[in-house]
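As a plain string of letters, each chain reads:
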Amino acid sequence: MIAAMMVATTAACGDSGAEGGGGGDDQIVLGFSQVGAESGWRTANTKSIQESAAEAGIDLKFADAQQKQENQIKAIRNFIAQRVDVIAFSPVVESGWDTVLKEAKDAEIPVILTDRAVDSQDETLYETFIGSDFVLEGRLSGEWLVEEFADESGPVRIVELQGTTGSAPANDRKQGFGEAIAADPKFEIIASQTGEFTRAKGKEVMEAFLQAHDDIDVLFAHNDDMGLGAIEAIEAAGLVPGQDITIITIDAVRDGMQALADGKINFIAECSPLLGPQLMELVEQVHAGESVPKRVVTEETTFTQEQAKEALPTREY
Ligand code: GYE
């Protein structure tokens, strides 16, 4: 893993020279530490970042942390040692960043958070945070459920597949969904466990849920991939996803949208991975010493099965 990270980052060592600031010419050098490759969302996000860096003429040093905070901290320290111009990263979990962010600040390298937030009290440790409102995504998912089940007498038994433990999207989506379903006591979360945002783990945990409970009405999965894994488990158990069990997910990547259009998922709250162009703009502004908003929120929507059928032909990811 470390070896892979070094390969991804050594390219900057040769040309950074003594003057610091990366490439030796005017090209901006951006060190980016990605979470991993856990989901369709992440793949689309990586592609967006790589393509828009190339388009903007930014020299991108890309490191994949394989869902491990320790790898991200090492990658950021590497970027500091290389004296890149700007560091951006998508923090795998929310806590534990103050020390390394302080190191970047002391080295006078601006940091941009993308996609996921940190829980640092000191907001001077980063320039800006660009990404979605995960609480809202959870709330919209819960509100749809409350409305969809308005005429049901209950109890409505829900199982929840959480994202990576300690990550901002897992914490916030859980919170938003919980707040929305609190509108009616008939909604009950009977089991809730992490599926680490992956298809394989989503399937495995759903199998365990199905074994432990024969009365599941609803699945709320914090991303499409876990929902898609769970669908395999539901079908293997002889049940019909989208009918016997109502399924709500978040992201709206192509495979999720296809399952929604096919009737296997019932509702998706969108989370856009196309953060690249806006990120590169922020990188340029921050590098030029311009002031940027502290928070840039991504615009998003939601999809029902009918809306997915309409949107699919022109979907970008
Ligand atoms: O929803 C999930 C991915 O941080 C918004 O991470 C991102 C989440 C996304 O693995 O699919």
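Everything numeric here is computed off the predicted structure, so don't read it as measured data.

**Q** What exactly am I supposed to notice about the sheet that holds strand E9 (residues 246-251) here?
**A** Strand-to-strand pairing in sheets goes through backbone hydrogen bonds, with the strands running parallel or antiparallel. Across the sheet, which stays open at both edges, the 6 strands sit in the order E7-E6-E8-E9-E10-E12 with mixed pairing between neighbours. At either margin of the open sheet sits one strand with a lone partner, and together these are strand E7 (187-194) and strand E12 (302-304). Within the sheet, the average angular offset between the axes of one strand and its neighbour, ignoring direction, is 15°.

**Q** Any chance you could explain unusual backbone geometry here in plain terms?
**A** Leaving glycine out, the prevailing phi sign among residues is negative, and the prevailing peptide bond configuration is trans. The peptide bond linking Gly154 to Pro155 adopts the cis configuration, its omega dihedral lying at 0°. Relative to the helices and strands, Pro155 is located in the loop between helix H5 (134-148) and strand E6 (156-162). Positive phi, close to 50°, is recorded for Gln66, a residue that is not glycine. Here Glu108, not a glycine, exhibits a phi torsion of approximately 60°, which is positive. Along the chain, the position of Glu108 falls in the loop between helix H4 (98-106) and strand E4 (111-114).

**Q** What is the right way to look at helix H9 (residues 254-261) in this model?
**A** In an α-helix, one full turn covers 3.6 residues, which means residues spaced three or four apart are oriented alike. Among the residues of H9, those classed as buried are Gly256, Met257, Ala259, Leu260 and Ala261. Buried residues along H9 sit in contact with helix H8 (224-236), strand E10 (267-270), E12 and helix H11 (305-311).

**Q** Sorry if this is basic, but what is going on with the site of the ligand here?
**A** Residues in contact with the ligand amount to 13 residues; listed here are only the nearest, Glu38, Asp115, Arg116, Asn223 and Asp251. Separating an oxygen atom of the ligand from a side-chain N or O atom of Asp115 is a distance of 2.8 Å. Contact distances for the ligand include 2.6 Å between an oxygen atom and a side-chain N or O atom of Asp251. Calculation on the ligand without its partners gives an accessible area of 300 Å², and the protein chains cover 100% of this total. More than half of the atoms belonging to the ligand lie within 2 Å of the grid points that define the largest cavity. Class assignment for the residues of the shell around the ligand results in 5 nonpolar, 2 polar and 6 charged. The two domains that each donate at least three residues to the shell around the ligand are domain 1 (26-132 + 273-299) and domain 2 (134-271).

**Q** I tried to follow the pairing of strand E8 (residues 218-221) on my own but got confused; where do I start?
**A** Side-chain positions along a regular strand alternate between the two faces of the sheet. Alternating residues of E8 divide into Val218 and Phe220 and Leu219 and Ala221, and every residue in both groups is buried. Taken together, the 4 bridges between E6 and E8 define a ladder with parallel strand orientation. Residue pairing across strands places Leu161 opposite Ala221, the latter belonging to E8. In this sheet, E9 lies alongside E8 in parallel orientation, the contact comprising 3 bridges. Note that in E9 the partner of Phe220 across the bridge is Ile248. In this fold, the crossover linking E8 to E9 by way of H8 has right-handed handedness.

**Q** Before we go on, may I ask you to explain empty space enclosed by the protein in this structure?
**A** A probe matching the size of a water molecule, rolled over the atoms, marks out where space remains unfilled. Following the criterion strictly, the structure yields 1 cavity of 30 Å³ or more and no others. Empty space within the largest cavity amounts to approximately 90 Å³. Counted by class, the lining of the largest cavity contains 5 nonpolar, 2 polar and 6 charged residues. Shared between two domains, the lining of the largest cavity takes at least three residues from each, and those domains are domain 1 (26-132 + 273-299) and domain 2 (134-271).

**Q** It is not clear to me how the side chain of Ser167 should be interpreted in this structure. Could you clarify?
**A** Examined against the element boundaries, Ser167 turns out to sit in the loop between E6 and helix H6 (168-181). We classify Ser167 as buried; its relative accessible area is 0%. A distance of 2.8 Å separates a polar side-chain atom of Ser167 from the backbone oxygen of Thr164.

**Q** Would you mind going over the domain arrangement of the protein chain with me for this structure?
**A** Size of an interface: often given as the accessible area lost when the parts come together. The domain architecture assigned to the protein chain consists of domain 1 (26-132 + 273-299) and domain 2 (134-271). Once you take the C-alpha centre of each, domain 1 and domain 2 turn out to be 30 Å apart. Each partner contributes residues to the interface: domain 1 has 14 residues there, and domain 2 has 18 residues. Looking only at domain 1, the three residues that lose the most surface to domain 2 are Trp41, Glu94 and Ser132, adding up to 40% of its buried area. At the boundary of domain 1 and domain 2, one finds 7 residue pairs in polar contact (both at pLDDT 80 or more). For the side of domain 1 that touches domain 2, a count of residues per class yields 5 nonpolar, 4 polar and 5 charged.

**Q** Got a minute to help me understand the pattern of salt bridges in this structure?
**A** Close approach of charged atoms lets side chains of opposite charge pair. Taken as a whole, this structure holds 21 salt bridges when the rule is applied. Notably, a salt bridge pairs Asp217 with Arg157, separated by 3.4 Å at the nearest N-O pair. On the criterion of sequence distance, the pair formed by Asp217 in the loop between helix H7 (199-212) and E8 and Arg157 in strand E6 is long-range, its members being 60 residues apart. Note that Glu306 and Lys309 form a salt bridge whose closest N and O atoms lie 3.1 Å from each other. Taken together, the positions of Glu306 and Lys309, both in helix H11 and 3 residues apart, correspond to about one turn of that helix. The structure contains a network of salt bridges with shared partners spanning Glu38, Arg42, Asp115 and Arg116.

So, how was this worked out
Residues numbered from 1 in each chain as written. Predicted model: local features only at pLDDT ≥ 70, side-chain atom pairs only at ≥ 80, totals over all residues. Heavy atoms only, no water. Pairing = 2+ DSSP bridges. Helix = DSSP H or I, 4+ residues; strand = E, 2+ residues; numbered from the N terminus. Axes fitted to C-alpha atoms, helices over the stretch in contact; angles between N-to-C directions. Buried < 20%, exposed > 50% of the residue type's maximum accessible area, 1.4 Å probe, protein only. Contact = heavy atoms within 4.5 Å. Near = heavy atom within 4 Å. Polar contact = N/O pair within 3.5 Å; in protein donor to acceptor, adjacent residues only side chain to side chain. Areas by Shrake-Rupley, 256 points an atom, 1.4 Å probe, with all protein chains shown as cover. 1 Å grid on protein atoms, 1.4 Å probe; cavity = no way out; pocket = protein on both sides within 12 Å on 5 of 7 lines; lining within 4 Å. Sits in = over half its atoms within 2 Å of the grid points. Nonpolar A, V, L, I, M, F, W, Y, C, P; charged D, E, K, R; others polar. Domains from an automatic or database assignment. Right-handed = clockwise from strand over helix to strand, strands pointing away. Points joined across faces, edges and corners; volume = space filled by probe spheres on them. Buried area = accessible area lost by both parts, 1.4 Å probe. Salt bridge = Lys/Arg side-chain N within 4 Å of Asp/Glu carboxyl O.

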